[in-house]
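Chains, contacts and geometry: an overview
The chain contents come next:
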Amino acid sequence: MTLSAHRIGSNLRRAGIAMAVLLAAAPLAACSDEGKLVLHSATGDYKFNVEVVDTAESRAQGLMYRQELADNAGMLFDFKGEQPVSFWMRNTFIPLDMIFVDAKGVVKNIYVNARPHDPTGIPSDGPVQFVLEIPGGRSVEIGLKPGDTMDHPRVGAPVAN
């Protein structure tokens, strides 16, 4: 075997190993995709594409100034620990459902069709770790009720400081 053939063979082996590592890691990446969320209600399982916000700045911005939100889209607010929270609709142009969820993924309460631009506070009615905002009325369409559950990689995950 010539030196160049040896290099080609060596490069092919490295490429094969790299491909095997990527293929092995793919299922793990799919399991930890923070852009995916599932709500489980009595009427079925409903998948949503979500943006996760978990800093004071990103939570303060939320969905303000957005003009539309797809039926299967939303924003997941992670407070990284359970606490009472309150939201408002100032500078928010679309009606939203606010789903208040504890650290175990259990829906605690739901506020349906929050009015755009309303500065009135919408409280969680107790400690929660997550608030999921989805298009207004969507929680009613899927039959979501308190006690139903939410699956997301952050649910039940250890809190990072």
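Summarised in this report is the structure supplied together with it. Worth saying up front: this structure is predicted, and the values here are computed from it rather than measured.

The geometry of an aromatic ring pair comes down to the distance between the two centres and the angle between the two planes. Tallied over the full model, the rule gives three aromatic pairs. Here the aromatic rings of F77 and F87 are separated by 4.8 Å at their centres, their planes lie at 90 degrees, and the arrangement is edge-to-face. In this pair, F77 sits in strand β3 (residues 73-83) while F87 sits in strand β4 (residues 86-87), placing the two residues 10 residues apart along the sequence. Judged by centre distance (6.2 Å) and plane angle (80 degrees), the ring pair of F79 and F87 falls under edge-to-face. A residue is classified by how much of its surface remains accessible, and F87, at 9% relative accessible area, is buried. Among the aromatic side chains, those forming a connected cluster through ring pairs are F77, F79, F87 and F100.

Pairing geometry for strand β5 (residues 96-101) and strand β6 (residues 107-114), over five bridges, is antiparallel. Its bridge partner lying in β6, V101 is registered against V107. Hairpin connection of β5 to β6: five residues between the antiparallel strands, including G105 at a positive phi of 90 degrees.

Summed over all chains, the structure comprises eight salt bridges. The partner of R154 in a salt bridge is D78, with the nearest N and O atoms 2.9 Å apart. With R154 in the segment after β9 (149-151) and D78 in strand β3, the pair connects residues that are 76 residues apart, well separated along the chain. For the pair R154 and D78, a shared accessibility class is recorded, and that class is buried. Bridged by salt links that share partners, the residues E34, D54, D78, K80 and R154 form one connected network.

Thresholds, definitions, all that
- Residues numbered from 1 in each chain as written.
- Predicted model: local features only at pLDDT ≥ 70, side-chain atom pairs only at ≥ 80, totals over all residues.
- Heavy atoms only, no water.
- Phe/Tyr/Trp six-rings, centres within 6.5 Å; stacked < 30°, edge-to-face > 60°.
- Helix = DSSP H or I, 4+ residues; strand = E, 2+ residues; numbered from the N terminus.
- Buried < 20%, exposed > 50% of the residue type's maximum accessible area, 1.4 Å probe, protein only.
- Pairing = 2+ DSSP bridges.
- Salt bridge = Lys/Arg side-chain N within 4 Å of Asp/Glu carboxyl O.

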